[in-house]
Amino acid sequence: MKNKIKFSLSTTQIILLGFLTTILLGSALLSLPISTKSGVSVPYIDALFTATTATCVTGLVTVTTATTWSVFGQFVILLLIQIGGLGVVTVMSGFMIMINKKMTVSDRLLIQDSFNLNSLSGLARFIKKVLIGTFAVEGIGALLYMTVFVPRFGAKGIFISVFNSVSAFCNAGIDIIGETSLCEYAANPIINAVTSALIILGGIGYIVWWDVIRVMKKRSCKDKRLFTHLTLHSKIAIVATLLFILTGAVLIFIFEYNNPLTIGALPLKDKIQVAFFQSVTTRTAGFASVAQENLTNASCVVSIVLMLIGGSPVGTAGGIKTVTVIVLLCSALATVRNKNQAALFNRTISAASISKAVAVVITFAAIVLSSVVALAACSDASLIDIIYESVSATATVGLSRNMTQNLNMYGKIIIAFTMYFGRVGPISLVVALGKRGETQNVISDPIEDISIG
């Protein structure tokens, strides 16, 4: 009897292949005649690009979603966004729970690695909470959207509301309203508030949700020290999210205040709304309430920085992540102050966390730089537009300075690869770094100082 050769895939390989398989299946479905509107023909490269941007929850599109794809095609895109936002591992695990299939140790290790959790216990319950929490928030968001979209679009407004809610929560930025994203609703307080809330809730991370709920259950809401009982991760994520959003909003408000192409002619309250929304949507959401190509150079730089930072870990957002940035800043500050350890909120940050943060930033920077160079080689667009496009793709944001739809075939391929690696690259790296490695040798190489800076 011949010995069977067993192929074992690592967690990193499963994540990479899972996203790739989803993209290819999605592109195949979008290539079907039933996926496009009558009389519309879409080349495969655009179907592949759309499947990639939906699965990687980015939002950059080469064809207008509302006018190109049929209801079936839009449903396929919606499904890809949901899978991409939750993550392939979460969807697979949720399906196993739904059919009452018992999780193996390998399944549990996969979930633990993909969410970067510290324990193998309670993983099925964790997945259930993620799915229930996601659908509950998306459902509430859809109902609130309906108060605006149903009166305008009738019954079609229900599907638009559901689509927009899922897209906003998953930080995808794809809509089926029209060709100008949410520019038409720039001054609508309901659309602004609901979209911003969904983006923030999706991007702040599930583990922050459960930590806040845990503290609120154990402590009275009147307890002024609720924040102190949160984990260090939650404290950093919450403070960093508020800090970056408010700082970005203030800077954009200042830089765009007199810009007639954006908010210059708007009343003060609408200027505040638009500036705040621009800051929030750069958290890798991708919805636009003003044309990005009309922003001042200063606002473009602010937006690029915010896009690079992105949301928080274990959520639906992309980017380097807020916690990563804060950890690096604290480490740098500790070095400047000649301290041996970095600390925040009276807690010491582990050396392993700092090393992971450095690795994530370097990986992210390599993807952005490669994309910028490749895109510059095959495009005659301005450098600011190319950088904006590449950062948006890598951080899975979806904002564009009117460049995506003008990309040639090579540009589409470059951005598609950028979106894919921008989505799975940092995740895979964190998973790989979090793996249970081999025991290190007791005897290490000699230590020698080198000159830095």
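Here the residue numbering is sequential within each chain, running from 1 through the sequence in written order. Local features in this predicted model are restricted to residues of pLDDT 70 or higher, and side-chain atom pairs are both shown and tallied only at a pLDDT of 80 or more, whereas totals for entire chains, interfaces and linings draw on every residue. Excluding hydrogens and water, the side-chain values take into account all heavy atoms of the structure.

Remarks on the overall build of the chain
Working step 1: Tallying secondary structure elements over the chain gives 17 helices and two strands in all.
Working step 2: By residue count, 51% of the 453 residues in the chain fall in the buried class.
Working step 3: For the chain, long-range pairs separated by at least 24 residues make up 71% of all intrachain contacts whose partners lie at least 6 apart in sequence.
Working step 4: Of the roughly 22,300 Å² that the chain leaves accessible, carbon and sulfur atoms contribute 65%. Helix numbering and strand numbering both begin at the N terminus, where a helix is a DSSP run of H or I of at least 4 residues and a strand a DSSP run of E of at least 2. Under the scheme applied here, a residue whose accessible area is under 20% of the maximum for its type counts as buried, over 50% as exposed, and between as partly exposed, the area being computed with a 1.4 Å probe on protein chains only. Residue contacts are counted whenever heavy atoms from the two residues lie within 4.5 Å of one another. Residue-level accessible areas treat just the shown protein chains as cover; the underlying method is Shrake-Rupley with a 1.4 Å probe.

Concerning unusual backbone geometry
Working step 1: Phi is positive for serine 181, close to 55 degrees, though the residue is something other than glycine.
Working step 2: Structurally, serine 181 can be placed in the loop between α8 (156-169) and α9 (189-204).
Working step 3: Residue serine 181 is classed as buried on the basis of its relative accessible area, which comes to 13%.
Working step 4: Of note in the backbone geometry, threonine 396 takes a positive phi value of approximately 50 degrees without being a glycine.
Working step 5: Along the chain, threonine 396 falls in the loop between α16 (383-394) and α17 (409-433).
Working step 6: Given a relative accessible area of 1%, threonine 396 falls into the buried group.

Remarks on the confidence of the model for the chain
Caution applies to low-pLDDT parts of the model: their predicted coordinates are not meant to be read in detail.
Working step 1: Chain-level pLDDT for the chain is 86 on average; 84% of the residues reach the 70-or-more range.
Working step 2: Across the chain, each position has a pLDDT score giving the predictor's confidence in that residue, from 0 to 100. This stretch, residues 436-440, has a pLDDT under 50; its non-local contacts, to residues over four places away or in other chains, come to three contacts.

What to know about a nonpolar patch on the surface
Working step 1: What goes into a patch is any residue over 30% in relative accessible area without a salt bridge, connected to like charges within 9 Å or, for nonpolar side chains (Val, Leu, Ile, Met, Phe, Trp, Tyr), within 5 Å. Salt bridge, as applied in this entry: a Lys or Arg side-chain nitrogen positioned within 4 Å of an Asp or Glu carboxyl oxygen. Taken together, the side chains of Met409, Tyr410, Ile413, Phe417 and Phe421 define a hydrophobic patch exposed on the protein surface, amounting to about 530 Å² of accessible area.
Working step 2: Of note, methionine 409 is situated in helix α17.

Looking at the packing of aromatic side chains
Working step 1: Here the aromatic set is Phe, Tyr and Trp, taking the six-membered ring for Trp, and pairing holds for ring centres within 6.5 Å; pairs whose planes are under 30 degrees apart are stacked, those over 60 apart are edge-to-face, and all others are tilted. All chains considered together, the criterion is met by 11 aromatic pairs.
Working step 2: With a centroid separation of 6.1 Å and an interplanar angle of 70 degrees, the aromatic rings of phenylalanine 159 and phenylalanine 163 are classed as edge-to-face. You can see phenylalanine 159 and its partner phenylalanine 163 sitting in helix α8, four residues apart, about one turn around the helix.
Working step 3: Seen from their ring centres, tyrosine 420 and phenylalanine 421 are 5.3 Å apart, and the 70 degrees between their planes marks the pair as edge-to-face.
Working step 4: Look at tyrosine 420 and you get buried, because its relative accessible area is 11%.
Working step 5: Classification of phenylalanine 421 by relative accessible area gives partly exposed; the value is 40%.
Working step 6: In this structure, lysine 271 packs its charged tip against the face of tyrosine 257, placed 3.5 Å from the ring centre. Should the NZ of a Lys or the CZ of an Arg lie within 6 Å of a ring centre and within 35 degrees of the ring normal, that charge is described as sitting over the ring.

Notes on the side chain of serine 289
Working step 1: Inspection of the secondary structure assignment puts serine 289 in the loop between α12 (268-281) and α13 (297-309).
Working step 2: Look at serine 289 and you get buried, because its relative accessible area is 5%.
Working step 3: Aside from chain neighbours lying at most four places away, what touches serine 289 is Leu182, Cys183, Ala186, Val274 and Phe277.

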